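Topology and contacts: notes
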Protein chains: 2
Amino acid sequence: MARLPIYLRALTVLVERGIGTCSSEDLATATGVNSAKLRKDLSYLGSYGTRGVGYDVDYLRYQIAREIGVTQDWPVVIVGIGNLGNALANYSGFRSRGFRVVALLDAAPERHDEAVAGLEVRPFDDLEEIVAAESVSIGVIATPAVAAQDVADRMVAAGVTSILNFAPTVLSVPEGVDVRKVDLSIELQILAYHEQRKAAPDADLGHATDQEVIA
Amino acid sequence: MARLPIYLRALTVLVERGIGTCSSEDLATATGVNSAKLRKDLSYLGSYGTRGVGYDVDYLRYQIAREIGVTQDWPVVIVGIGNLGNALANYSGFRSRGFRVVALLDAAPERHDEAVAGLEVRPFDDLEEIVAAESVSIGVIATPAVAAQDVADRMVAAGVTSILNFAPTVLSVPEGVDVRKVDLSIELQILAYHEQRKAAPDADLGHATDQEVIA
DNA sequence: AGGAGTTTGTGAACGGAAGAACAAAACGAG
DNA sequence: CTCGTTTTGTTCTTCCGTTCACAAACTCCT
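Residues numbered from 1 in each chain as written. Chains lettered and ligands numbered in written order. Predicted model: local features only at pLDDT ≥ 70, side-chain atom pairs only at ≥ 80, totals over all residues. Heavy atoms only, no water.

Observations concerning the overall build of chain A
Note the threshold: Numbered from the N terminus, helices here are DSSP runs of H or I no shorter than four residues, and strands are runs of E no shorter than two. C-alpha atoms define the radius of gyration, and 2.2 Å times the number of residues to the power 0.38 defines the globule rule. The classification of residues rests on relative accessible area computed with a 1.4 Å probe and restricted to protein chains. Under 20% of the type maximum is buried, over 50% is exposed, and intermediate values are partly exposed. What makes two residues a contact is simply this: any of their non-hydrogen atoms within 4.5 Å. For the accessible areas, the method is Shrake-Rupley and the probe is 1.4 Å, while residue cover comes only from the protein chains on display. Positive charges are assigned to Lys and Arg, negative charges to Asp and Glu, while His and the chain termini are left out of the count. Just so you know, the charge point we use is NZ for Lys, CZ for Arg, CG for Asp and CD for Glu.
When its secondary structure is counted, chain A shows 10 helices and 10 strands. In terms of C-alpha radius of gyration, chain A reaches 22 Å, well past the compact-globule figure of 17 Å for 215 residues. Expressed as lengths along the three principal axes of its C-alpha atoms, the size of chain A is roughly 65 × 60 × 30 Å. Taking all 215 residues of chain A together, 47% fall into the buried category. For chain A, restricting intrachain contacts to residue pairs at least 6 apart in sequence, the fraction spanning at least 24 positions comes to 54%. Taken as a whole, chain A presents about 10,100 Å² of accessible surface, with 51% of it coming from carbon and sulfur. Treating the 19 positive side-chain charges of chain A as one cloud and the 29 negative ones as another, the clouds have centres 10 Å apart.

What follows is the structure, given as structure tokens:
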């Protein structure tokens, strides 16, 4: 389930506040979901609550972390150290949430040997060697769109089976490889869409006239 | 619909290639969706295709752009010019897809007057003035998690009605304000979840034993 | 010990999205 | 002009996720 990481984060906050127990209602309001949905999500993992009491925060947090698979660290490579790649390399949230950036790769020679976030930027051709040496199964693509498919192909060939893609392209990968896409423009466009609807509730009138022009 | 921007991008590629007409099947494979679903999405906008022929690429592209609301530019403010804010400010994709970054704000005085992507970083307290002057309705939050809710409150009070939030927090906003969240760690955790399932198909055995420990 | 008050876990109803399938419409060939 | 081919627009069915509602279970107070 895609909501497990959200619960995990909320539980971590509760742990830091020293709260030992919480009800499904508490967690639901903290994460912005329906409490029945939350209970059903959790019950899918097993029966970790106590009726009349709630959930043990620490224990539930560990169970969710184990279910997601972030009880141990996952090695990650980042390809494309431009503005975005730089930001990702410096993002401390990865480290604290079960991921370890083991290498930064870039095709441009002028970036090589530069130090970013305490790591040296290495040639893209080192990909296969690094993936094999560190048993990397997760790759992050932060290159321009034109390079993304090539990078993905090389990653898959090297043994990467999960890809987080920031390039604005649809990647095609073989069966068994997972791809998740983060597209900043698309997020803004979705907001613009709703924004437009707020501004002009009856904006549909434009359609008919435009249709007539064509017809 | 959240898929409209994807279609828009694919159509832009087709325009650049000089392709004048395409079928729903073409667009579907290019965007990775089912062709029936695509046709249903498009028919929701109006009847813009020709049976036996397909869709006029240029015309359809314009119609989708108009539906999304990106035929004219939307002014956007970015708050929090750290690593990520920097990358966002420099991202050229916003400009070419209907968005114009009008201001960069940061609470830290040592960042003020610094030039980022051709814009001066200004104090966060200038928010209200800028939002009013430029009629900004979309704000981007790239601050640390602890500051995000305060920034959101100020944005909403100033008149912003759509927020793109990169901080790993659940924002609470009044009715009528849209929030979209981009959380990098969550994306990686979802990949890790699937990755774990690939590695150990019967990892569920662990549950029962752990339950016994508690019980 | 028993009853009142909570809270979980889940069965059942609901809604909406996704895919299959087909009729209507346009084009081109003969 | 008619027939066959292509492709859209739409209907119908299926399925999945969400929500409601309630019984089971646990705690606390008397």
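That covers the picture; the talk isn't over yet.
Overview of the relation of the copies chain B and chain A
For clarity, the threshold we go by: Superposition of the copies used a least-squares fit over C-alpha atoms from residues whose pLDDT is at least 70 in both.
With an RMSD of 0.0 Å, the fit of chain B onto chain A corresponds to turning through 180° and sliding 0.0 Å along the axis. The relationship between the two copies is best expressed as a two-fold rotation axis. Both copies share a contact surface, since 100% of the interface residues of chain B are interface residues in chain A too.

Some thoughts on the pairing of strand E4 (residues 74–79) of chain A
Residue and element names in this part refer to chain A. How we decide: Two strands are said to pair when DSSP picks up at least two bridges between them.
Counting buried positions over the six residues of E4 gives six, a clear majority of the element. Because side chains alternate across E4, one face comprises the buried residues Trp-74, Val-76 and Ile-78, and the other comprises Pro-75, Val-77 and Val-79, equally buried. Here E4 runs beside strand E5 (residues 99–106); their pairing, made up of six bridges, is parallel. By the bridge assignment, Ile-78 is partnered in E5 with Leu-104.

What to know about the interface of chain B and chain A
Condition: The term buried area refers to how much accessible surface (probe radius 1.4 Å) is lost by two components on association, counted for both of them together. One speaks of a salt bridge when a side-chain nitrogen belonging to Lys or Arg is within 4 Å of a carboxyl oxygen belonging to Asp or Glu. N or O atoms within 3.5 Å of each other form a polar contact, as long as, within protein, one can give a hydrogen and the other can take it, and as long as residues adjacent in sequence are counted only when both atoms are side-chain atoms. Amino acid classes used here: Ala, Val, Leu, Ile, Met, Phe, Trp, Tyr, Cys and Pro are nonpolar; Asp, Glu, Lys and Arg are charged; the rest, including Gly, are polar.
Each side of the interface is counted separately: chain B has 68 residues, and chain A has 68 residues. Counting the surface lost from both chain B and chain A, the interface buries some 6,200 Å², and carbon and sulfur atoms represent 60% of this. Ranking the residues of chain B by area buried against chain A places Leu188(B), Gln189(B) and Leu191(B) at the top, with a combined share of 11%. The tally of links from chain B across to chain A stands at eight salt bridges. Notably, a salt bridge pairs Arg180(B) with Glu187(A), separated by 2.5 Å at the nearest N-O pair. At the surface where chain B touches chain A, the tally comes to 21 residue pairs in polar contact (both at pLDDT 80 or more). For the side of chain B that touches chain A, the element with the highest residue contribution is helix H9 (residues 184–199) of chain B, accounting for 15 residues. Looking at the side of chain B that touches chain A residue by residue, the class counts come to 37 nonpolar, 18 polar and 13 charged.

Looking at the packing of aromatic side chains
Between two aromatic rings, the relevant description is the distance of the centres plus the angle of the planes. All names here are of chain B. Quick reminder of the rule: Any pair of Phe, Tyr and Trp rings, taking the six-membered ring for Trp, is counted once the centres come within 6.5 Å. Such a pair is stacked with planes under 30 degrees apart, edge-to-face with planes over 60 apart, and tilted for the rest.
Going through the model one piece at a time under the given rule, you end up with four aromatic pairs over all chains. Note on Tyr-48 and Tyr-59: the rings are 5.5 Å apart at their centroids and 80° apart in plane angle, and the pair reads as edge-to-face. With Tyr-48 in the loop between helix H3 (35–45) and strand E2 (49–50) and Tyr-59 in helix H4 (residues 57–68), this residue pair connects regions lying 11 residues apart in the sequence. Tyr-59 carries the same exposure label as Tyr-48, and that label is buried.

A word on the protein's contact with DNA strand D
Applied cut-off: By convention in these notes, a residue is near a molecule or strand provided one of its non-hydrogen atoms lies within 4 Å of it.
Among the 24 residues in the neighbourhood of DNA strand D, the closest are listed as Lys40(A), Arg51(A), Ser24(B), Arg39(B) and Tyr55(B). Close to the protein, within 4 Å, the atoms of DNA strand D are drawn from sugar and phosphate at a rate of 65%. In this structure, a phosphate oxygen belonging to DNA strand D sits 3.0 Å away from a side-chain N or O atom of Ser47(B). Interatomic distance of 2.7 Å between a side-chain N/O atom of Tyr55(B) and a phosphate oxygen of DNA strand D. Counting residues per element, the ones that place at least two in the surface near DNA strand D are helix H3 (35–45) of chain A together with H3, E2 and strand E3 (54–56) of chain B. Considering every element that reaches the surface near DNA strand D, the biggest residue donor is H3(A), with four residues. Broken down by class, the residue content of the surface near DNA strand D amounts to five nonpolar, 11 polar and eight charged.

A short note on the domain arrangement of chain A
Where the parts come together, the accessible area they lose is often given as the size of the interface. For the record, the criterion: Domain delimitation in this document rests on an assignment produced automatically or drawn from a domain database.
Its domain assignment divides chain A into domain 1 (4–68) and domain 2 (74–182). Put simply, the middle of domain 1 of chain A and the middle of domain 2 of chain A, counted by C-alpha atoms, are 32 Å apart.

Quick notes on the packing of helix H5 (residues 83–90) of chain A against helix H5 (residues 83–90) of chain B
As a reminder, the rule being used: Angles shown run from 0 to 180 degrees and are taken between the N-to-C directions of axes, each axis being a line fitted to C-alpha atoms and, for helices, limited to the stretch in contact. Should an angle fall under 35 degrees it is taken as roughly parallel, and over 145 as roughly antiparallel, whereas 65 to 115 is taken as roughly perpendicular and any remaining angle as oblique.
Relative orientation of the contacting elements H5(A) and H5(B) amounts to 170°, with a least axis distance of 8 Å. One element, H5(A), and the other, H5(B), form an angle in the roughly antiparallel class. Each of Asn83(A), Leu84(A), Ala87(A) and Asn90(A) in H5(A) lies in contact with H5(B), whose residues at this interface are Asn83(B), Leu84(B), Ala87(B) and Asn90(B). Residues that form the contact of H5(A) with H5(B) fall into these classes: four nonpolar, four polar and no charged.

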